[in-house]
Amino acid sequence: MLNLFTINLHLLHDPLSLFFVCTICLIALPCACYALGYLRGEYSLKKRLYCWILFALFVAAMLLVVTAANALIFLICWEIMSLVSYFLVIFDHKNEKSIRAGTIYIVMTHIGTAFIAAAFLIIYKHSGSFDFTAFQSTCQNLPLTTKNILFVFFLLGFGTKAGIIPLHVWLPMAHPQAPSHISSLMSGVMIKTALYGIIRFIIAILGVSALWWGYIVLILAVCSCLIGVIYALMEHDIKKLLAYHSVENIGIILLGVGACLVFLKLGLPVLAVFSLAAGLYHLINHAIFKGLLFLCAGSIYKATGTRDIEKFGGLIKTMPLTAAAFLIGAMAISALPPFNGFVSEWLILQTFFAGVLKVSGGLKVFFVLCASALALTGGLACACFVKAFGITFLAMPRSHKARYAKEVSFSMKSAMIFLSIATLAFGIGAASIIKILTSIAQSIVAADAPVMNFNLNHLTLMSVTDTSAYLSVPLVALLLAGLMIITTVLVYVVAGKARIRRYGTWDCGYYTLTSRNEYTATAFSKPFRVAFSFFLRPYRKTEKIRESFYHVKTFKYETFTTPVFKKYMYRPILAVTFGSARTFRRMQPGSIHLYIAYIFVTIVALIVFMKVF
Amino acid sequence: MKIICSIFEIAVLVAVSPLVSGLITKVKNNIRLRRGQSILQPYYNLAKLFSKEEVISEHASWIFMITPYVACASAVTALFLVPAFLAHNARIHIGDLFLLIFILSLGRFFLALAGLDSGSSFGGMGSSREMFISSFVEPAVILIFFAISFCSGSTHIGAMGAGSYKLSWLVAALALLLVTLAETSRIPVDNQETHLELTMVHEAMVLEYSGRSLALLELASYVKQLVFFSLLAVIVWPLPGTLTRYAPIAVAASYFLKIAGIAFIIAFIEVSLAKMRLFRVVDFLYFSFVMALIAVIAAAFNI
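Residue positions within a chain follow its written sequence, with the count starting from 1. Here chains are named by letter from A upward and ligands by number from 1 upward, in the order in which they appear as written. Given that this is a predicted model, residues contribute local features only at a pLDDT of at least 70 and side-chain atom pairs are listed and counted only at 80 or more, while totals for whole chains, interfaces and linings are drawn from all residues. For side-chain calculations, the full set of non-hydrogen atoms in the structure is used, while hydrogens and water are omitted.

A. View of unusual backbone geometry. The peptide bond linking A:Pro337 to A:Pro338 adopts the cis configuration, its omega dihedral lying at 0°. Structurally, A:Pro338 can be placed in the loop between α13 (320-333) and α14 (340-358). Cis peptide bonds are those with omega within 30 degrees of zero, and the linkage from B:Ile187 to B:Pro188 qualifies with 10°. The backbone phi angle of A:Ala395 is positive, close to 60°, even though this residue is not glycine. Relative to the assigned elements, A:Ala395 resides in the loop between α15 (362-393) and α16 (400-403). Among the residues examined, A:Ala395 registers a relative accessible area of 2% and is labelled buried. Positive phi outside glycine occurs at B:Leu33, with the angle close to 65°. In DSSP terms, a helix is any run of H or I states spanning at least four residues, a strand is any run of E spanning at least two, and both are numbered starting from the N terminus. Among the structural elements, B:Leu33 can be located in the loop between α1 (2-31) and α2 (41-51). Only protein chains enter the accessibility calculation, which uses a 1.4 Å probe; a residue is then buried when its area is under 20% of its type maximum, exposed when over 50%, and partly exposed in between.

Laid out in structure tokens, this is it:
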């Protein structure tokens with residue numbers, strides 16, 4: 001029935017695939033360069049070689065995933081990608097945490113793959129071929145119920161890989177455990193292949209058939225944004241913090257994609273193109289700045305040997321270049337002008353605004369709420385990166401490790417510089433990039449959409465027509481830089497040369513200001529912990545050791561937040577699974593006679609089944 | 001021509017901005033039956049600070065040094081984004097209303113970092129609180145911008161005030177008033193007059209600053225205050241499109257009258273309320289969010 005030799009081995013090279021290929025290469029190249037310096041001194045030669053092989057395989061598998069023209073090839077590459085990344089997660093296999101994270105990762109990712117495979121098989125039943133072109137033509141004639149089932153399967157399958165809430169549990173565990181350049185690839189690019197899947201299979205192949213698809217995606221996106229960033233605020237492991245931000249940013253990208261689904265169903269192809277372009281823009285932006293941030297985190301880890309931001313501090317003096325690169329990444333992810341994250345968030349806000357104008361009824365309010373959720377996410381992300389940058393790089397070192405940190409090697413620096421420049425370039429060059437992205441989105445969404453030169457629907461990005469929404473990133477950058485220079489010159493003219501005295505920070509007159517007096521990350525995020533306590537459910541453990549009733553010798557204080565999803569969603573599921581497994585184990589007492597009896601019963605049952613049906 | 005006009009407008013606004021704070025302080029003092037300092041006191045303060053020596057913490061880095069300049073640049077850039085006394089076709093445009101949110105958070109981001117930079121707990125406390133409050137402000141601000149951009153169907157600044165006046169604008173203006181209180185560190189959210197570590201937010205962040213850096217930061221906060229007041233002025237009472245035909249003097253006069261009026265209102269609010277506990281501020285901002293939501297829904301129904 002299925003001849004492997006007749007499988008179409010052609011690769012796709014439509015705009016969408018090419019876009020993802022570009023994204024992968026853009027991140028993989030600096031990561032490879034970074035790995036040169038990162039692996040040296042960290043691992044033995046044999047392990048380094050092993051890591052390089054896995055790295056190459058990983059990148060190749062991702063490239064094949066986004067270019068496969070055939071569902072079987074797609075699945076095989078998808079599986080290779082998952083397995084290779086599993087081996088990379090457990091690369092430090094002596095660490096118990098890695099093994100645990102790897103196990104959760106591989107179980108979750110296979111649940112996802114199972115859904116994708118099931119969806120492919122359902123389509124195959126109707127199409128008789130695994131080719132995507134055949135899939136596409138078949139899907140147009142499928143009944144709505146089948147399409148709905150396919151949508152849910154694809155969403156669950158790819159959603160697991162993308163790490164959308166509540167399928168995100170593996171992501172913050174697995175990503176930080178891999179070597180840093182791999183974390184950068186996993187967070188920057190690998191989870192994007194899942195978005196490729198969603199765009200390719202749900203929008204391009206399946207075609208949007210019901211309005212609630214868009215609602216579901218938007219609701220999941222909003223949840224991912226908010227919950228991702230709230231968890232990130234509570235996190236003090238720098239790589240875990242970044243991993244939670246990946247959950248948040250996947251949510252932001254999905255806001256664009258979800259809006260596209262809604263617009264498509266409502267018959268607003270121009271807006272659909274626009275929102276998908278905005279989503280794709282954020283996708284590549286997130287790949288760049290998250291790649292950059294993970295590389296910086298790797299440099300810090302290499303220099304200090306820890307990932308706990310409470311132990312950092314003052315690194316801006318010992319690692320100036322890493323600090324500058326991290327600052328650029330942090331500004332980009334906090335959507336500050338003139339870096340790239342700001343442009344794509346602005347575009348997504350404009351998408352919602354345009355949507356609100358065009359749709360009617362309750363959908364208006366829904367869109368407005370989505371936009372305000374995005375704004376809240378932006379504010380919280382900004383706060384989180386003030387914490388991450390401020391506690392890590394500023395003030396005094398909080399530990400010996402941080403005090404004696406050294407700047408990293410040249411190859412690592414060059415990778416960070418490259419991505420920093422890309423971050424700025426994708427911000428300033430927004431006008432030309434959005435044109436390319438629009439044509440990509442147009443090729444997926446609707447061939448019959450009117451030719452867009454980006455002046456439609458008051459969404460001008462380049463030229464000032466009278467009253468259209470307008471943003472000129474180069475002008476903003478120029479104005480900011482110009483104003484800073486003008487201020488400096490004016491201050492110099494008015495007040496003359498600066499007279500500066502270096503002196504200790506004011507310490508209320510105690511003369512013993514040490515790093516112990518500094519504000520900690522825990523303290524910084526305390527107001528957020530209190531404000532979101534309905535969700536985070538914080539609790540604390542205190543431990544006092546007393547010499548006498550009046551004199552407490554040591555006092556230990558720890559705060560925790562309840563992992564809501566693990567506790568109320570995954571643990572019950574696991575309990576049921578293990579419980580039922582225990583029940584079924586009774587069927588296996590180890591007696592060969594019983595097993596022969598099982599075989600006999602099965603055969604009889606099969607014969608009866610064949611006879612009857 | 002447009003560039004010259006814009007630069008003139010911005011220069012005038014920056015020059016006037018400390019006066020607004022002076023006016024508020026004066027009114028507050030008069031309500032409290034005190035004579036109060038001169039209305040020009042903010043200028044004297046700036047002049048004094050510019051001439052003073054600067055003390056910088058030995059733990060601080062270049063972030064601490066550049067922050068006053070970044071804060072100033074971001075606040076002045078924000079002035080480009082709000083309508084003041086020039087007609088919108090006489091000024092240069094760099095972006096729309098949404099850009100305002102991002103530009104303001106640029107300055108705030110650096111201020112918060114500078115608060116952490118000197119290693120003092122006060123600074124960290126201020127940064128943490130400032131980021132906490134501002135992240136709850138942002139959703140409300142977005143909703144307000146949605147509400148006021150509905151009529152014209154565009155987030156372009158020039159489009160504001162086009163079309164007939166809507167009731168929803170008034171609700172949006174109320175929501176914006178609450179946001180303005182929070183963003184300009186006014187009572188009941190913050191108190192500019194205090195230096196008590198339990199209550200200060202903005203003052204705690206800039207506690208380590210002195211000399212010209214402090215002067216620049218003060219100036220930046222005056223300008224930021226004027227940004228919000230201008231926005232409030234245009235929402236409460238938008239300049240009708242026909243008015244631009246009259247002498248620009250009249251337009252400018254009405255603009256400054258509106259700003260003075262808002263200063264009076266803010267002063268009254270400050271005198272008659274007590275500062276809230278930090279976590280009560282969240283409720284306060286929820287309230288402004290809900291009000292903004294009502295404004296948006298009303299605007300959606302074209303009220």
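B. Representation of the pattern of salt bridges within the structure. A pairing counts as a salt bridge when a side-chain nitrogen of Lys or Arg comes within 4 Å of a carboxyl oxygen of Asp or Glu. If you walk through the whole model with that rule in mind, you get 14 salt bridges over all chains. Salt-bridge contacts for A:Asp308 lead to A:Lys311; the nearest nitrogen and oxygen are separated by 3.3 Å. A salt bridge links B:Glu53 to A:Arg501; the nearest nitrogen and oxygen atoms lie 3.2 Å apart. With B:Glu53 in the loop between α2 and β1 (54-57) and A:Arg501 in strand β1 (residues 500-503), this pair bridges two chains. Look at A:Arg501 and you get partly exposed, because its relative accessible area is 39%. Among the charged side chains, a salt-bridge network with shared partners connects B:Lys28, B:Arg32, B:Arg186, B:Glu193 and B:Glu270.

C. Structural detail: the nonpolar core. Buried residues of nine kinds, namely Ala, Val, Leu, Ile, Met, Phe, Trp, Tyr and Cys, make up a nonpolar core once their side-chain atoms join them within 4.5 Å. Ranked by size, the top nonpolar core spans 336 residues in total, and within it A:Phe74 and B:Phe109 carry the most contacts. Per-element accounting of this core gives the leading share, 21 residues, to helix α11 (residues 269-304) of chain A. Not counting chain neighbours up to four residues away, the residues in contact with B:Phe109 comprise A:Leu327, A:Ala330, A:Met331, A:Ser334, A:Leu336, A:Cys382, A:Phe385 and A:Val386. Any two residues whose heavy atoms approach within 4.5 Å are treated as being in contact.

D. The arrangement of the interface of chain A and chain B in detail. At the junction of the two partners, chain A supplies 81 residues and chain B supplies 74 residues. By definition, the buried area sums, over both parts, the 1.4 Å-probe accessible area that each loses when the two are put together. Summed over both partners, the interface of chain A with chain B comes to about 7,000 Å²; 75% of that surface belongs to carbon and sulfur atoms. Considering only the surface of chain A that becomes buried against chain B, A:Phe353, A:Arg502 and A:Tyr519 emerge as the three largest contributors, covering 9% of it. Where chain A packs against chain B, one counts one salt bridge. Any pair of nitrogen or oxygen atoms within 3.5 Å is treated as a polar contact; in protein, a donor-acceptor pairing is required on top of that, and neighbouring residues in sequence qualify only through side-chain atoms on both sides. Taken together, the links from chain A to chain B amount to 23 residue pairs in polar contact (both at pLDDT 80 or more). Those elements that provide at least two residues to the side of chain A that touches chain B are α12 (315-318), α13, α14, α15, α19 (473-495), β1, α20 (521-524) and α21 (526-531) of chain A. Among the elements that take part in the side of chain A that touches chain B, α15(A) stands out by supplying 18 residues, more than any other. Nonpolar residues are Ala, Val, Leu, Ile, Met, Phe, Trp, Tyr, Cys and Pro. Charged residues are Asp, Glu, Lys and Arg, and all others, Gly as well, are polar. Residue classes in the side of chain A that touches chain B are distributed as 56 nonpolar, 16 polar and nine charged. Strand pairing is defined by DSSP finding a minimum of two bridges between the two strands. Where β1(A) and β1(B) come together, four bridges link them in parallel fashion. Bridging across to β1(B), A:Arg502 finds its partner in B:Ile56.

E. The arrangement of the packing of helix α3 (residues 71-89) of chain A against helix α4 (residues 96-127) of chain A in detail. All names here are of chain A. Viewed as axis vectors pointing N to C, α3 and α4 meet at an angle of 175°, and their least axial separation amounts to 9 Å. If you check the angle between α3 and α4, you find them roughly antiparallel. For the pair α3 and α4, the contacting residues are Ala71, Phe74, Leu75, Trp78, Glu79, Ser82, Leu83, Ser85, Tyr86 and Val89 in the first and Ser98, Ala101, Gly102, Thr103, Tyr105, Ile106, Thr109, His110, Thr113, Ile116, Ala117 and Phe120 in the second. Looking at the contact of α3 with α4 residue by residue, the classes come out as 13 nonpolar, eight polar and one charged. Axes here mean lines fitted to C-alpha atoms, for a helix over just the part in contact, with angles spanning 0 to 180 degrees between N-to-C directions. Roughly parallel here means an angle under 35 degrees, roughly antiparallel means over 145, roughly perpendicular means 65 to 115, and every remaining angle is called oblique.

F. Up close: the packing of aromatic side chains. Centre distance within 6.5 Å is the pairing criterion for rings of Phe, Tyr and Trp, where only the six-membered ring of Trp is used; planes under 30 degrees apart are then read as stacked, over 60 as edge-to-face, and the remainder as tilted. In this structure the tally under the stated criterion is 58 aromatic pairs over all chains. When the ring of A:Trp78 is compared with that of A:Phe158, the centres are 5.4 Å apart and the planes differ by 90°; the resulting orientation is edge-to-face. Linking A:Trp78 in helix α3 with A:Phe158 in helix α6 (residues 144-162), this pair joins segments that are 80 residues apart in sequence. According to the relative accessible area criterion, A:Phe158 is buried, its value standing at 0%. Geometrically, the ring pair formed by A:Phe528 and B:Phe132 is edge-to-face, given 5.3 Å between the ring centres and 85° between the ring planes. Linking A:Phe528 in helix α21 with B:Phe132 in helix α5 (residues 121-150), this pair reaches from one chain into another. Judged by relative accessible area, B:Phe132 falls into the buried class, the value being 1%. Within the aromatic cluster, the residues linked to one another by ring pairs are A:Phe74, A:Trp78, A:Phe120, A:Phe132, A:Phe135, A:Phe154, A:Phe158 and A:Phe201. Charge-over-ring contacts are defined here by two conditions on Lys NZ or Arg CZ: a distance within 6 Å of the ring centre and an angle within 35 degrees of the ring normal. Positioned above the aromatic ring of A:Trp78 is the side chain of A:Lys161, whose terminal nitrogen or guanidinium carbon lies 5.6 Å from the ring centre. Residue placement shows A:Arg546 over the ring face of A:Phe549; its charged tip is 5.6 Å from the ring centre.

G. View of α15(A). All names here are of chain A. The first and last C-alpha atoms of α15 sit 46 Å apart over 32 residues, in line with the 46 Å expected at 1.5 Å per residue. Within α15, 28 of the 32 residues are buried, which leaves it mostly tucked inside the rest of the structure. A positive phi of about 60° marks Ala395, the residue just after α15. One less than the number of residues in a helix, times 1.5 Å, gives the span that helix is expected to have.

H. Looking closely at the confidence of the model for chain A. Residue and element names in this part refer to chain A. Scored between 0 and 100, pLDDT is the confidence that the predictor attaches to each residue. The pLDDT averaged across chain A works out to 89; a share of 95% of its residues lies at or above 70. Element-level mean pLDDT values for chain A span from 85 in helix α18 (residues 430-445) up to 96 in α13. Of the regions scoring below 50 in pLDDT, residues 451-467 engages in 51 contacts with residues more than four places distant in sequence or in other chains.

I. Layout of a nonpolar patch on the surface. Residue and element names in this part refer to chain A. Patches were defined on residues exceeding 30% relative accessible area and lacking a salt bridge, with like-charge contacts within 9 Å and nonpolar side-chain contacts (Val, Leu, Ile, Met, Phe, Trp, Tyr) within 5 Å. What sets the accessible areas is the Shrake-Rupley method with a 1.4 Å probe; for residues, cover comes only from the shown protein chains. Among the surface-exposed residues, Phe600, Val601, Val604, Val608, Phe609, Met610, Val612 and Phe613 lie close enough to one another that they form a single nonpolar patch of about 900 Å² accessible area. You can see Val601 is positioned in helix α24 (residues 592-612). Look at Val601 and you get exposed, because its relative accessible area is 53%.

J. How the structure looks around the confidence of the model for chain B. All names here are of chain B. Residues with a pLDDT of 70 or more make up 95% of chain B, whose mean pLDDT is 89. Predicted confidence in chain B is weakest over helix α7 (residues 202-205), with a mean pLDDT of 90, and strongest over helix α3 (residues 62-79), with 95. We note a pTM of 0.93 for the whole complex and an ipTM of 0.95 for its interfaces.

K. Region of the structure containing helix α2 (residues 45-67) of chain A. Residue and element names in this part refer to chain A. For α2, which comprises 23 residues, the first-to-last C-alpha distance of 33 Å matches the rise-based estimate of 33 Å (1.5 Å per residue) to within 8%. Along α2, the positions that sit buried rather than exposed are Cys51, Leu54, Phe55, Phe58, Val59, Ala61, Met62, Val65, Val66 and Thr67. Elements that come into contact with the buried residues of α2 comprise α1 (15-39), α3 and α8 (180-206).

L. Here's a closer look at the environment of A:Ile485. Residue and element names in this part refer to chain A. Position of Ile485 relative to the elements: it lies in helix α19. Under the relative-accessibility criterion, Ile485 is labelled exposed at 53%. Each C-alpha atom of the pair Ile485 and Ala422 lies 24 Å from the other, and the pair is 63 residues apart in sequence.

M. Highlighting the environment of A:Gln442. Topologically, A:Gln442 is positioned in helix α18. Note: C-alpha distance between A:Gln442 and A:Gly279 (163 residues apart in sequence) is 13 Å.

N. A positive patch on the surface, seen in detail. None of His or the chain ends enter the tally, which takes Lys and Arg as positive and Asp and Glu as negative. Lys charges are placed at NZ, Arg charges at CZ, Asp charges at CG and Glu charges at CD. Taken together, the side chains of A:Arg100, A:Arg537, A:Lys566, A:Lys567 and A:Arg571 define a basic patch exposed on the protein surface. The element best represented in the positive patch is helix α23 (residues 564-585) of chain A, accounting for three residues.

O. Molecular detail of the state of the cysteines. By definition, disulfides here are pairs of cysteine sulfur atoms that lie within 2.5 Å. Tallying each qualifying case throughout the model produces zero disulfides over all chains. No disulfide involves A:Cys22; its nearest neighbouring cysteine sulfur is the one of A:Cys25, lying 6.8 Å away. The thiol of B:Cys72 is not disulfide-bonded; the next cysteine sulfur, from A:Cys382, is found 19 Å away. For B:Cys72, a relative accessible area of 5% puts it in the buried group.

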